[in-house]
Amino acid sequence: DVKVTQSSRYLVKRTGEKVFLECVQDMDHENMFWYRQDPGLGLRLIYFSYDVKMKEKGDIPEGYSVSREKKERFSLILESASTNQTSMYLCASSLRVPSKSYNEQFFGPGTRLTVL
Amino acid sequence: KNQVEQSPQSLIILEGKNCTLQCNYTVSPFSNLRWYKQDTGRGPVSLTIMTFSENTKSNGRYTATLDADTKQSSLHITASQLSDSASYICVVKRNAGKSTFGDGTTLTVKP
């Protein structure tokens, strides 16, 4: 079974703090994604990466950065957390080449971040 | 604009009853459509995947349909169970492009 793990299930930070969210997958997937999920807005793509050290902006990259130094690990960084970044953050991974999986994304359990 | 719209936004049914969730999309060119189930506090998990040539696909008590001409999909749940209480998300992928997520339907199954 594919496993995508995230470093924290719940996180509380203060405005202005630097926040690191870590994601690790164990299936040698090339693609990794970071989403945030808010009520009424669904999942919105923040950043994705299709290879080590490669990154692409998603739909809402402002206020975030990412790091992919190893294939299995994709980090989301909030340089200076703000209250409007309070949200559920979901990491996902998928194979790059569409095979029988048709680019199925496998999600982690999520990190609920609260910024006070 | 590539969009995915789901209805209803929320639904409450009694255990044992059937229900149908709807997904309409304008994403083009179409590659595939996937339904995910997301339990409270967990990440989404794939239920079914449908490509252009498929009309119906079942996964246990879940049956998904796709009408590529009208760009509509439905997810039918038969003989609902309490464990079916979750959010159901429709995701449409463009050919050589990104996936677009619907906002989801929250289903509550009551005893």
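One can find the structure itself at the top, above this paragraph.
On a predicted model such as this, the values are computed, not experimentally measured, just so you know.

Rules and cut-offs
Residues numbered from 1 in each chain as written. Chains lettered and ligands numbered in written order. Predicted model: local features only at pLDDT ≥ 70, side-chain atom pairs only at ≥ 80, totals over all residues. Heavy atoms only, no water. Contact = heavy atoms within 4.5 Å. Buried area = accessible area lost by both parts, 1.4 Å probe. Salt bridge = Lys/Arg side-chain N within 4 Å of Asp/Glu carboxyl O. Polar contact = N/O pair within 3.5 Å; in protein donor to acceptor, adjacent residues only side chain to side chain. Helix = DSSP H or I, 4+ residues; strand = E, 2+ residues; numbered from the N terminus. Nonpolar A, V, L, I, M, F, W, Y, C, P; charged D, E, K, R; others polar. Phe/Tyr/Trp six-rings, centres within 6.5 Å; stacked < 30°, edge-to-face > 60°. 1 Å grid on protein atoms, 1.4 Å probe; cavity = no way out; pocket = protein on both sides within 12 Å on 5 of 7 lines; lining within 4 Å. Points joined across faces, edges and corners; volume = space filled by probe spheres on them. Buried < 20%, exposed > 50% of the residue type's maximum accessible area, 1.4 Å probe, protein only.

(A) Quick look at the interface of chain B and chain A. Every contact between the two is made by 18 residues of chain B and, on the other side, 19 residues of chain A. Buried surface at the junction of chain B and chain A, summed over both partners, amounts to about 1,400 Å²; 53% is from carbon and sulfur atoms. Run the count over chain B and chain A and you get 2 salt bridges. A salt bridge links R34(B) to E104(A); the shortest N-O distance between them is 3.7 Å. Counting across the chain B and chain A interface gives 4 residue pairs in polar contact (both at pLDDT 80 or more). Taken together, the elements giving at least two residues each to the side of chain B that touches chain A come down to β4 (30–38), β5 (45–51), β9 (86–94) and β10 (99–101) of chain B. Among the elements that line the side of chain B that touches chain A, the one with the most residues is β4(B), at 4 residues. The class makeup of the residues in the side of chain B that touches chain A is 5 nonpolar, 8 polar and 5 charged.

(B) Structural view of the packing of aromatic side chains. Taken as a whole, this structure holds 9 aromatic pairs over all chains when the rule is applied. Consider the rings of F33(A) and Y35(A), whose centres lie 6.1 Å apart with planes at 20°: the pair is stacked. By the ring-pair criterion, three or more aromatic residues cluster together here, those being F33(A), Y35(A), F48(A), F107(A), Y36(B) and F101(B).

(C) Expanded view of the layout of surface pockets. In this structure, the largest pocket encloses a volume near 1,100 Å³. Forming the walls of the largest pocket are 44 residues, and the residues nearest its centre are L41(A), G42(A), L43(A), G102(B) and D103(B). Counting only elements with at least two residues in the lining of the largest pocket, the list comes to β4 (31–38), β5 (42–49), β9 (87–94) and β11 (111–115) of chain A together with β1 (4–7), β9, β10 and β11 (105–110) of chain B. Considered class by class, the residues forming the lining of the largest pocket number 12 nonpolar, 21 polar and 11 charged. Considered as a void within the structure, the second largest pocket measures approximately 370 Å³ in volume. Lining the second largest pocket are 21 residues, with N31(A), F33(A), N103(A), K93(B) and G97(B) positioned closest to its centre. Sorting the residues of the lining of the second largest pocket by element identifies β4 and β5 of chain A together with β4 and β9 of chain B as the ones contributing at least two each. Top element by residues in the lining of the second largest pocket is β4(A). It accounts for 3 residues.

(D) Spatial organisation of the pattern of salt bridges. Residue and element names in this part refer to chain B. Counted by the stated rule, this structure contains 12 salt bridges over all chains. Here K57 makes a salt bridge to E54, at a shortest N to O gap of 3.0 Å. Looking at K57, the relative accessible area reads 24%, which means it is partly exposed.

(E) Summary view of empty space enclosed by the protein. Within the structure shown, the criterion is met by 1 cavity of 30 Å³ or more. In this model, the largest cavity occupies a volume close to 80 Å³. Taken together, 12 residues make up the lining of the largest cavity; nearest its centre are N103(A), R34(B), Y36(B), V91(B) and S99(B). Looking at the lining of the largest cavity, the elements with two or more residues in it are β4, β9 and β10 of chain B. Counted by class, the lining of the largest cavity contains 5 nonpolar, 4 polar and 3 charged residues.

(F) Looking closely at unusual backbone geometry. The omega torsion of the bond from S7(B) to P8(B) falls at -10°, within 30 degrees of zero and hence cis. In this structure, P29(B) follows S28(B) across a cis peptide bond, with omega equal to -5°. Of note, P29(B) is situated in the loop between β3 (19–25) and β4. Despite not being glycine, D28(A) has its phi angle at roughly 60°, a positive value. By secondary structure assignment, the location of D28(A) is in the loop between β3 (19–25) and β4. Not every positive phi belongs to a glycine, and K53(A) is a case in point at roughly 65°. By the element assignment, K53(A) lies in the loop between β5 and β6 (56–57).

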